[in-house]
Amino acid sequence: MPIAREGQFLVTTKWNKPHLGLESSMIDACIQEAINKPYAGVFGSPTFGFREKTLDSLRSIPQLEEIWFWDVELDDVEAVYTLKRLRSFGVQPGRPPIDFSQIPTLERLVVTYRAGDSGVDRLKNLHRLSLWHYSPKKRLFGEILLPDGLTELEINWANPKALDGLTPLLSLRRLEIHRCRNLESLSVLPRLFPNLEHLVVAACGKVSVDEGRRAVENLPKLKHAHVQKTKLV
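Residues numbered from 1 in each chain as written. Predicted model: local features only at pLDDT ≥ 70, side-chain atom pairs only at ≥ 80, totals over all residues. Heavy atoms only, no water.

A. Highlighting the packing of aromatic side chains. What the rule picks out here adds up to seven aromatic pairs. Ring geometry for F43 and W70: centres 6.2 Å apart, planes at 25 degrees, overall stacked. Of the two residues, F43 is situated in strand β4 (residues 41-44) and W70 in strand β5 (residues 66-73); the sequence distance between them amounts to 27 residues. Using a relative accessible area of 17% as the deciding quantity, one classes W70 as buried. The interplanar angle of 50 degrees and the centroid separation of 5.0 Å between the aromatic rings of F50 and F69 together place this pair among those described as tilted. Taken together, the residues span a long stretch of sequence, with F50 in the loop between β4 and β5 and F69 in strand β5 at a distance of 19 residues. Comparing F50 with F69, the two get one shared label, buried. In this structure an aromatic cluster arises from ring pairing among F43, F48, W68 and W70. (Phe/Tyr/Trp six-rings, centres within 6.5 Å; stacked < 30°, edge-to-face > 60°. Helix = DSSP H or I, 4+ residues; strand = E, 2+ residues; numbered from the N terminus. Buried < 20%, exposed > 50% of the residue type's maximum accessible area, 1.4 Å probe, protein only.)

B. Just a positive patch on the surface, in detail. A cluster of basic residues, R139, K161, R181 and K206, forms a positive patch on the protein surface. Among the secondary structure elements, K206 is positioned in the loop between β11 (198-202) and α3 (209-217). Assessed through its relative accessible area of 47%, K206 is described here as partly exposed. (Patch = residues over 30% accessible without salt bridge, like charges linked within 9 Å, V, L, I, M, F, W, Y side chains within 5 Å. Areas by Shrake-Rupley, 256 points an atom, 1.4 Å probe, with all protein chains shown as cover. Salt bridge = Lys/Arg side-chain N within 4 Å of Asp/Glu carboxyl O. Lys, Arg positive; Asp, Glu negative; His and termini not counted. Charge placed at Lys NZ, Arg CZ, Asp CG, Glu CD.)

C. The environment of E6, seen in detail. With respect to the element layout, E6 can be found in strand β1 (residues 3-6). On the basis of relative accessible area, E6 is assigned to the exposed category, the value being 53%. Placed 13 residues apart in sequence, E6 and H19 show a C-alpha to C-alpha distance of 11 Å.

Quick look at the structure:
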C-alpha cells in the first residue's frame, strides 16, 4: 500500500479506490478534504502523523466505506458505529472492545481480537476475516465465533495448539495460517471446512509436512495447498 503526498494530503490507493491519510496536525483540513472529495476510505498511523486517542473525526465523514488504522492506541472507537456504509474495517492493535454486530455492512475485517469483542458471527455480509494475535488464556479457539457466509480466513500469530473450537463452515474456500508457533495439528480441517480450495500454512514450526499431507488427503476440493514451503497440491 504505497503512500504518497498529493499536494497537502497523504493519499494511497487500496482496492483501486483512493484513501486519505488523517494527520493530527491538520485534522480539520483532512476532514474537510474527505467531505469534499469522493474518498472511499481513510487511514492513519503514528508513522504518518495520526496521534488521536479517539476516532471521533469519523463522525463527520459518514459516507466512508473503508477504514485502516494501525499501530494505534485508542481510548474510544464509538464513532465506527455511525459509519452506515462501512465495508472494510481494520483498527489495531490498541482499542476498546467492539460489538461488530452494530456494523452489519462489513464485508472485510482485520482484527486483533480483544476480550469483550462480540458480534462477529452476526455479520451476514462478512466474507473475509484476518485474525491477528488471538491469544486466549486457555490456548483454545472458541471465544470468537465465525459467520456462516465467511469464504476467506487468515490466522496470524495465534497461540492455540489445534484448530478445535473454530466454527465449522461449509462456505470457507481459502484458509491461511501464519506464524502460529504452538499449532501442532491440522486433523480437524476436513470436518471444519470440507469445501476448502486453498490452504497455506507457513512458519508454524510444529506442523509437519506429513501432517499437512494427511489433512490434504481428506479435502477433495483443494486446488492449491502449501504447508511449510512444500507444495502439496
